[in-house]
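Here is what each chain is made of, one letter per residue.
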Amino acid sequence: MDSLLNTHRPPVFCPGCAHDKVVRGLDKAFVNLDLSGDRIAIVSDIGCSGLFDTFFNTHALHGLHGRALTYATGIKMARPDLKVVVTMGDGGLGIGGAHVLSACRRNLDLTLLVLNNFNYGMTGGQCSSTTPPGAQVGSGFLNRLERPLEICEVAGGAGAPFVRRLSSYDPELVAVIQEALEFDGFSLLDIRGLCPGRYTKRNKQTPKDIQAELDRLPDLSFYQQQNARAEYGSHYRQEAGRLQAAEAPLQIETSCTPPGSGRQEVVILGSAGQRIVTAGELLGLAGMSAGLHATQKNDYPITVMKGHSISECILSSEAIGYTGLDAPSVVLALGPEGAAKRKRMLKELPSASLVLKAAGIELPECKARIAELDFKALQVKSQDFALASLALLAGANRVLNLDMLKAALHFRFKGKALEGSLALVERIASQESPAFS
Amino acid sequence: MGRSFLEGNEAIGWGALAAGCNFFAGYPITPATTVFNTMLQLLPPRGGTCLQGEDEIASIGFCLGASMAGHKAMTATSGPGISLYSEQISFAIGSEIPLVIVNVQRLGPSTGSATKGADGDIQFMRWGSSSGQPVIVLAPSDVADCFLLTMRAFNLAETYRCPVFVAANKEISMTRESVDLNALTPPRVIGRSTADPDKDFLPFAVPEDSLTPDFLPIGGKTLVRQTSSTHGPDGYITTEPELIEKNQERLQAKLEKEVASFTYFQQTGPAQGSTLILTYGVTARAARDAVSALNQDGDRAAVLDLKTLWPVPEALIIERSKAFDRILVVEMNLGQYVREIQRILPNKKVGFLGRMNGELIQPQGIREAVRHG
């Protein structure tokens, strides 16, 4: 295979720039691996490393600062057969830090070349995430206050199995890039070099200095064994291959007759953990089993096992437009938090409304008829208050009937959950409730 | 056929699947999370990909990469996530990367109220990226719309190679509704126009009869270049003012000149009369209820529910408003789309009703605004 360098667009780096060595090293690695341009995607970041894609005859994507790994991830997941190479500088490393860490944790088969020249070359030599505190840079004293990032140690700690740091002048550069490209998983190379345009104008640094610093740093080869694991893409496809395709949404045919026509608005007021939303869904399904239109609008806070839980349901023989409630025909007040949230609504209830409330729930003065339910005597636990209330309504043919509620249970539950809920509904619906006397 | 009890976000997922979506990435955020949940159920078992990014910027970035590799990609978030998407949206606009972005709007500003609805991002979606180049925004008002408009969003993203927003709202996305998906008439599924891989390929060259470049995927036999930098037809950076100007004007024209072919709307009530209520999204439902009551009382009011918000369907709005004495714009914010209506109808009396307290605008309030406006 011939060189993949684009002869129409030769590198435009400053004389003596280390990036030039990496461009040629990368090309040699491609040639040695016998890769053609259509099997490679180079994804480049912003800055001088962002020019890399233009020097090669390969697929190329040049995107936003710090985000190169995000595009590369999408490309590699879509096309697992491609060699995807990402080039970024020490700038991209800093701004895109979250993506670097996630790429390490994920272990998708990408090769990340960090072209580390200790400063922002293109914008004026400001300090970057790898600038030593003693350097003179375009950010005044600011680099003296921060500690440079040892990306290989961080990457290894985050789970990258293949991490190497080396000099752009290392005779092994081509061999190491080649090894990284061949590695089946995420590989990160911290490739250090001179920036003659900015950094070495104010700081004494030679290839020998870079090598001496690298020699001083601890060995990293243990990460390869420590972090060895399945490559993300193949692992993903393996896991996905075991999944069953989700069934199409449940389709409900009309099988029951509703107790009446018109529009019924039901509000269920409760607390987290009382299965309020499930009860609202059951009510909707029950209505649909009788050919009614149904909506269910829920209200709950960002907390999970604390706070109010409210379900507002409409059943109507006409299509439903506005999904808010005008005048609820039935309110189930089953938990204190929910009842407290709807004080204003409760106060304004018309006299035709019926409120079924659990013992201990405080309600404001209102015109509606209020009936207290003694769930303790009925032997119903708090998480079943809502279902038991629906059973009482069904038993009295108010809003729904028993056929509709049972149909809803069959749509919603299976196995033991179905058996248990059917038994509860049968038991409660058969009770003579003073609420409807 | 039977009906299903679905929330808007589930219908968006099924609509995406019906449109050929095979790549989704998102970051959990209320009230958009159930789109992610649905896609996780739908895509991986069918050979597609559903990823959870480390943040919103990564999620949309994954989608851009996958789209450039030829996949049909979608992401979903809410206001705080759209803020983080901004620079990537600019990339998709300027570099013509097809993508569907579901914005399940919640009450802002900022983190605002995670579980309360609003239509507060209507101008933000249009203008929240650098350059001011246009995007397409479609607004569903019910669960059936969520399914159909998501399909249309994919078709438009593919046809015009651009990001397309589905501007949902917590009040539609997380409200369940009985709906017969089989009774809907889905649009024909459209893929992006591809170039002949055996001919010389310039990634941003435009065929004579089109304003949108033909596509070839990264990873095919023909080498493809993509760049976020200002580029010429060859996909390399350019500083030529003439090339730049031609491209910028094309990016604007390819959507704004074509809006008539994707102007979706629903008009209810008489074709002429006293007040035409201009609205969109969940508020259109309350407006239809209000108009039905007003018509029964002899008031000749009507509703124009705009399902295409951006580019502004100016021809439709001008045409439909002619036969009415007055316009009333109703929206779940303190006045955003009304600016567009005032701009294109300078000689018309334009009233406004807006609300931003986490609750739906009620039919009664709209009736009063029509009667006493």
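Computed from a predicted model, the values in this text were never measured in an experiment.

A. Broad picture of the domain arrangement of chain A. Each domain of chain A was delimited in the assignment, giving domain 1 (18-241) and domain 2 (263-436). Once you take the C-alpha centre of each, domain 1 of chain A and domain 2 of chain A turn out to be 59 Å apart.

B. How the structure looks around the sheet that holds strand 12 (residues 369-373) of chain A. If you trace the eight strands from one edge of the open sheet to the other, you get 12(A)-11(A)-10(A)-7(A)-9(A)-8(A)-9(B)-1(B), paired in mixed fashion. Of all the strands in the sheet, just strand 12 of chain A together with strand 1 (4-7) of chain B have a single pairing partner and so form its edges. Ignoring which end each strand starts from, the neighbouring axes of this sheet average 15° apart. Sheet analysis places strand 7 (residues 263-271) of chain A next to strand 9 (residues 308-316) of chain A, joined by nine bridges and oriented antiparallel. Opposite Ser 271 of chain A, over in strand 9 of chain A, you have His 308 of chain A as the bridge partner. Sitting on the sheet, helix 1 (residues 8-18) of chain B touches strand 1 and strand 9 (175-179) of chain B, and the angle it makes with strand 1 of chain B is about 100°.

C. Representation of the nonpolar core. By size, the foremost hydrophobic cluster in this structure holds 240 residues, and its most contacted members are Ile 75 and Val 86 of chain A together with Val 100, Val 102 and Ile 277 of chain B. Looking at which element gives the most residues to this core, the answer is helix 6 (residues 143-160) of chain B, with 11 residues. Residues in contact with Val 100 of chain B, not counting those within four places in the same chain, are Ala 16, Met 74, Thr 150, Ala 153, Phe 154, Ala 157, Val 164 and Val 166 of chain B.

D. View of the pairing of strand 5 (residues 162-167) of chain A. Residue and element names in this part refer to chain A. Within strand 5, five of the six residues are buried, leaving the element largely enclosed by the surrounding structure. Pairing of strand 5 with strand 6 (residues 187-192) involves six bridges; the strand directions are parallel. Paired with Val 163 across the two strands is Leu 188, which belongs to strand 6. Regarding the hand of the β-α-β motif, the stretch spanning strand 5, helix 6 (residues 173-182) and strand 6 is right-handed.

E. Layout of the sheet that holds strand 6 of chain A. Taken in spatial order, the seven strands line up as 5(A)-6(A)-4(A)-3(A)-1(A)-2(A)-10(B) in an open sheet, and their pairing is parallel. Each of the sheet's edge strands pairs with one partner strand only, and the pair in question is strand 5 of chain A together with strand 10 (225-227) of chain B. The average undirected angle you get between the axes of adjacent strands in this sheet is 15°. Strand direction decides the pairing type here: strand 4 (residues 110-116) of chain A and strand 6 of chain A, joined by six bridges, are parallel. Bridge pairing links Leu 115 of chain A to Ile 191 of chain A in strand 6 of chain A.

F. Molecular detail of the interface of chain A and chain B. On the side of chain B, 59 residues touch chain A, which itself brings 53 residues to the contact. Broken down by secondary-structure element, the contributors of at least two residues to the side of chain A that touches chain B are strand 2 (59-62), helix 2 (68-78), helix 4 (97-106), helix 11 (276-289) and strand 8 (293-299) of chain A. When residues of the side of chain A that touches chain B are assigned to their parent elements, the largest contribution, eight residues, is made by helix 2 of chain A. Of the residues belonging to the side of chain A that touches chain B, the class tally is 25 nonpolar, 22 polar and six charged. Sheet topology places strand 8 of chain A next to strand 9 of chain B; three bridges connect them, and they run antiparallel. Within strand 9 of chain B, the residue paired with Thr 295 of chain A across the bridge is Glu 177 of chain B.

G. A look at the packing of helix 16 (residues 402-412) of chain A against helix 17 (residues 415-429) of chain A. Residue and element names in this part refer to chain A. Contact pair helix 16 / helix 17: the axes reach a minimum separation of 10 Å and the direction vectors enclose 165°. For the element pair helix 16 / helix 17, the angle class is roughly antiparallel. Read as a crossing pair, helix 16 and helix 17 show a hand that is right-handed. Taking contact as the criterion, the partners of Leu 402, Leu 405, Lys 406, Leu 409 and His 410 in helix 16 are, on helix 17, Leu 418, Ser 421, Leu 422, Val 425 and Ala 429.

H. Focus on the packing of helix 11 of chain A against helix 16 of chain A. Residues and elements named next belong to chain A. Taken N-terminus to C-terminus, the directions of helix 11 and helix 16 make an angle of 115°; their axes are 8 Å apart at the nearest point. Taken as axis vectors, helix 11 and helix 16 run roughly perpendicular relative to one another. For helix 11 against helix 16, the interelement crossing comes out right-handed. On helix 16, the residues touching Glu 281, Leu 282, Leu 285, Ala 286 and Ser 289 of helix 11 are Met 404, Leu 405, Ala 407, Ala 408, Leu 409, Phe 411 and Arg 412. Its residues placed into classes, the contact of helix 11 with helix 16 shows nine nonpolar, one polar and two charged.

I. Summary view of helix 6 of chain A. All names here are of chain A. Here helix 6 has its buried residues at Leu 173, Ile 177, Ala 180 and Leu 181. Buried residues along helix 6 cover an arc of 100° about the axis, so they all sit on one side. The inward-facing, buried residues of helix 6 abut helix 1 (18-32), strand 3 (83-89), strand 4, strand 5 and strand 6.

J. Looking closely at unusual backbone geometry. Here the bond from Gly 108 of chain B into Pro 109 of chain B is cis, since omega is 0°, no more than 30 degrees from zero. Look at the link from Trp 310 of chain B to Pro 311 of chain B: it is a cis peptide, with omega at -15°. Look at Asn 107 of chain A: it is not a glycine, yet its phi comes out positive at around 65°. When you line up the elements, Asn 107 of chain A lands in the loop between helix 4 and strand 4. Even without glycine at this site, Glu 96 of chain B takes up a positive phi of about 55°. Looking at where Glu 96 of chain B falls in the secondary structure, it is placed in the loop between helix 4 (79-94) and strand 5 (99-107). The class for Glu 96 of chain B is buried, based on 22 C-beta atoms found within 10 Å.

K. Focus on the environment of Ala 290 of chain B. Residue and element names in this part refer to chain B. By the element assignment, Ala 290 lies in helix 9 (residues 283-296). For the pair Ala 290 and Gln 364, spaced 74 residues apart in the sequence, the C-alpha separation amounts to 6.6 Å. Apart from residues no more than four positions distant in its own chain, Ala 290 is found in contact with Pro 363, Ile 366, Arg 367 and Val 370.

L. How the structure looks around the pairing of strand 16 (residues 349-354) of chain B. Residue and element names in this part refer to chain B. Note: strand 15 (residues 324-331) against strand 16, six bridges, orientation parallel. Counted as the bridge partner of Arg 326 is Lys 349 from strand 16. Chirality of the crossover, the property in question, places the unit of strand 15, helix 11 (residues 337-344) and strand 16 among those that are right-handed.

About the thresholds
Residues numbered from 1 in each chain as written. Chains lettered and ligands numbered in written order. Predicted model: local features only at pLDDT ≥ 70, side-chain atom pairs only at ≥ 80, totals over all residues. Domains from an automatic or database assignment. Pairing = 2+ DSSP bridges. Helix = DSSP H or I, 4+ residues; strand = E, 2+ residues; numbered from the N terminus. Axes fitted to C-alpha atoms, helices over the stretch in contact; angles between N-to-C directions. Contact = placed C-beta atoms within 7 Å. Core = buried A, V, L, I, M, F, W, Y, C linked by C-beta atoms within 7 Å. Buried ≥ 20, exposed ≤ 12 C-beta atoms within 10 Å, placed from the backbone. Right-handed = clockwise from strand over helix to strand, strands pointing away. Nonpolar A, V, L, I, M, F, W, Y, C, P; charged D, E, K, R; others polar. Parallel < 35°, antiparallel > 145°, perpendicular 65-115°, else oblique. Left-handed = near helix turned anticlockwise from the far one by under 90°. Arc of directions from axis to C-beta.

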